[in-house]
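Architecture and fold: a report
If you want the building blocks of each chain, they are given just below.
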Amino acid sequence: KQWYQRRVRGAGADAYSTLQQMRNNMGLNAAFLYTPIGKEREFEGIVDVLGARCVYFEGAAGESVVYKDLPTRWEGEIIERRNELIECLSNVDEELGERYL
């Protein structure tokens, strides 16, 4: 199953908290495909965990999608998130998880 968090901006929008609730309260094998850059009112865009690049939505209504290289400060975080994703995949399909290793 695929879940997404609809609200990424504004008060109370916290993707990390949502992920923990999905794991703890719902018992789901959940991981990020995209991780947010900033939260609540400081939300700037997302990081593609598999593609290791940043995605920004620019323009008055976020209509322009801009891809940028991953800043060095994000490298450790994305490696960790990618490993979590591979672990979650391995829990469902060991052969699929091994393909990424």
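**Remarks on the side chain of arginine 81**
- As for its position among the elements, arginine 81 is in helix α2 (residues 75–92).
- In this structure arginine 81 touches Tyr16, Leu19, Phe32 and Val49, once residues within four positions along its chain are discounted.

**Comments concerning a nonpolar patch on the surface**
- A cluster of nonpolar residues, Leu33, Tyr34 and Leu50, forms a patch on the protein surface that exposes about 270 Å² of accessible area.
- Examined against the element boundaries, tyrosine 34 turns out to sit in strand β1 (residues 34–37).
- Taking relative accessible area as the criterion, tyrosine 34 reaches 44% and is therefore assigned partly exposed.

**A short note on the pattern of salt bridges**
- In total, this model carries five salt bridges according to the counting rule given.
- The shortest N-O distance in the salt bridge between glutamate 84 and arginine 23 comes to 3.2 Å. One end of the pair, glutamate 84, is in helix α2; the other, arginine 23, is in helix α1 (residues 15–24), with 61 residues separating them in the sequence.
- With a relative accessible area of 18%, glutamate 84 lands in the buried category.
- A salt bridge links lysine 68 to glutamate 58; the nearest nitrogen and oxygen atoms lie 4.0 Å apart. With lysine 68 in strand β4 (residues 64–69) and glutamate 58 in strand β3 (residues 53–58), this pair connects stretches of sequence that are 10 residues apart.
- Look at lysine 68 and you get partly exposed, because its relative accessible area is 41%.
- Linked by salt bridges that have partners in common, Arg23, Glu77, Arg81 and Glu84 make up one network.

Rules used in this analysis
Residues numbered from 1 in each chain as written. Predicted model: local features only at pLDDT ≥ 70, side-chain atom pairs only at ≥ 80, totals over all residues. Heavy atoms only, no water. Helix = DSSP H or I, 4+ residues; strand = E, 2+ residues; numbered from the N terminus. Contact = heavy atoms within 4.5 Å. Patch = residues over 30% accessible without salt bridge, like charges linked within 9 Å, V, L, I, M, F, W, Y side chains within 5 Å. Areas by Shrake-Rupley, 256 points an atom, 1.4 Å probe, with all protein chains shown as cover. Salt bridge = Lys/Arg side-chain N within 4 Å of Asp/Glu carboxyl O. Buried < 20%, exposed > 50% of the residue type's maximum accessible area, 1.4 Å probe, protein only.

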